[in-house]
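A closer look at the structure
Each chain is listed here by its residues.
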Amino acid sequence: MFPALQRLYRPFDTMVETVLRVVAGALLVTHGFGKITNPFGAVGMVESLGFYPGVFWSPLLAATEFFGGILVAIGLFTRPAAFASMIVLLVTIYFHGIVKAEGLAGAETSILWAAIFLSFAVRGSNAQSVDAKLGRQI
C-alpha cells in the first residue's frame, strides 16, 4: 500500500507469520489438552452432531487438536495438520452457529481460527519451521 515503507516492514514478514503459526498452534494444543487427557470425553457431543461412532470421532478430535496444534506450532507437516485443524473448526462453526443456535456471535471465533488454519493449509510453513529445515513441504 505504501511502497516507500516496504523496507521498513518487509524484514518482519517471516517473523510475524512465524509468530502467528506458533501462537495458533500453541492455543490449539491448549484447547486440545483437556480432550487428549480424556479422549472419550466428547463422545456424546460428537454423536449429537451426527458423527457416529463417537468412540472413534472423540479421540480423533482430541488428537487433531492436541497433536495437530503441536505440528502447526513447530511447522512440521504444516499443511495437513492445518487442514485437519481447519476441518475441526468448520464443524465447530456448524455446532455453535447452527446446532446451538448462537449465530454469528457464537461462531465468530471459530470462523477466525478456521481462516487462520486455512491460510497455513494453503501456504504451508515458512523458512522458520521444521518443514524448511528438512527441505520439504507436503
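Throughout what follows, the structure given in this document is the object of discussion. (Residues numbered from 1 in each chain as written. Predicted model: local features only at pLDDT ≥ 70, side-chain atom pairs only at ≥ 80, totals over all residues. Heavy atoms only, no water.)

**Notes on the overall build of the chain**
Counting its regular elements, the chain contains seven helices and zero strands. Along the chain, helices (α) and strands (β) appear in the sequence α-α-α-α-α-α-α when read from the amino end. With respect to the principal axes defined by its C-alpha atoms, the chain has extents near 55 × 35 × 20 Å. Taking all 138 residues of the chain together, 34% fall into the buried category. Here the contacts in the chain between residues at least 6 apart in sequence split such that 64% fall between residues at least 24 apart. Surface accessibility of the chain: about 8,300 Å² in total, with carbon and sulfur atoms responsible for 72%. Taken together, the 9 basic and 7 acidic charged side chains of the chain have centroids lying 13 Å from each other. (Helix = DSSP H or I, 4+ residues; strand = E, 2+ residues; numbered from the N terminus. Buried < 20%, exposed > 50% of the residue type's maximum accessible area, 1.4 Å probe, protein only. Contact = heavy atoms within 4.5 Å. Areas by Shrake-Rupley, 256 points an atom, 1.4 Å probe, with all protein chains shown as cover. Lys, Arg positive; Asp, Glu negative; His and termini not counted. Charge placed at Lys NZ, Arg CZ, Asp CG, Glu CD.)

**A word on helix α5 (residues 78-99)**
With 22 residues, α5 ought to run about 32 Å at 1.5 Å a step, and its terminal C-alpha atoms sit 30 Å apart, in line with that. Three or more residues of α5 are buried, namely Thr78, Ala81, Ala82, Ser85, Met86, Val88, Leu89, Ile93, Phe95 and Gly97. Each element contacted by the buried residues of α5 is listed here: α2 (13-37), α3 (43-48), α4 (54-74), α6 (103-123) and α7 (130-134). One or two steps after α5, the chain reaches Ala101, where phi turns positive at roughly 55°. (Expected span 1.5 Å × (residues − 1).)

**Examining the pattern of salt bridges**
Scanning all chains against the criterion turns up three salt bridges. The shortest N-O distance in the salt bridge between Glu17 and Arg123 comes to 3.2 Å. Taken together, the residues span a long stretch of sequence, with Glu17 in helix α2 and Arg123 in helix α6 at a distance of 106 residues. (Salt bridge = Lys/Arg side-chain N within 4 Å of Asp/Glu carboxyl O.)

**A short note on the packing of α2 against α4**
Where α2 contacts α4, the axes come no closer than 7 Å and their chain directions differ by 155°. Relative to α4, the element α2 is oriented roughly antiparallel. α4 is crossed by α2, and the crossing has left-handed handedness. The segment α2 lies against α4, with Arg21, Val22, Gly25, Ala26, Leu28, Val29, His31, Gly32, Phe33, Lys35 and Ile36 engaging Leu61, Ala62, Ala63, Thr64, Glu65, Phe66, Phe67, Gly69, Ile70, Val72, Ala73 and Ile74. Across the contact of α2 with α4, the residue classes break down as 15 nonpolar, five polar and three charged. (Axes fitted to C-alpha atoms, helices over the stretch in contact; angles between N-to-C directions. Parallel < 35°, antiparallel > 145°, perpendicular 65-115°, else oblique. Left-handed = near helix turned anticlockwise from the far one by under 90°. Nonpolar A, V, L, I, M, F, W, Y, C, P; charged D, E, K, R; others polar.)

**Concerning the packing of α5 against α6**
The contact between α5 and α6 brings their axes to 8 Å, and the two run at 165°. As the angle between them shows, α5 and α6 are arranged roughly antiparallel. Where α5 crosses over α6, the two elements pack in a sense that is left-handed.

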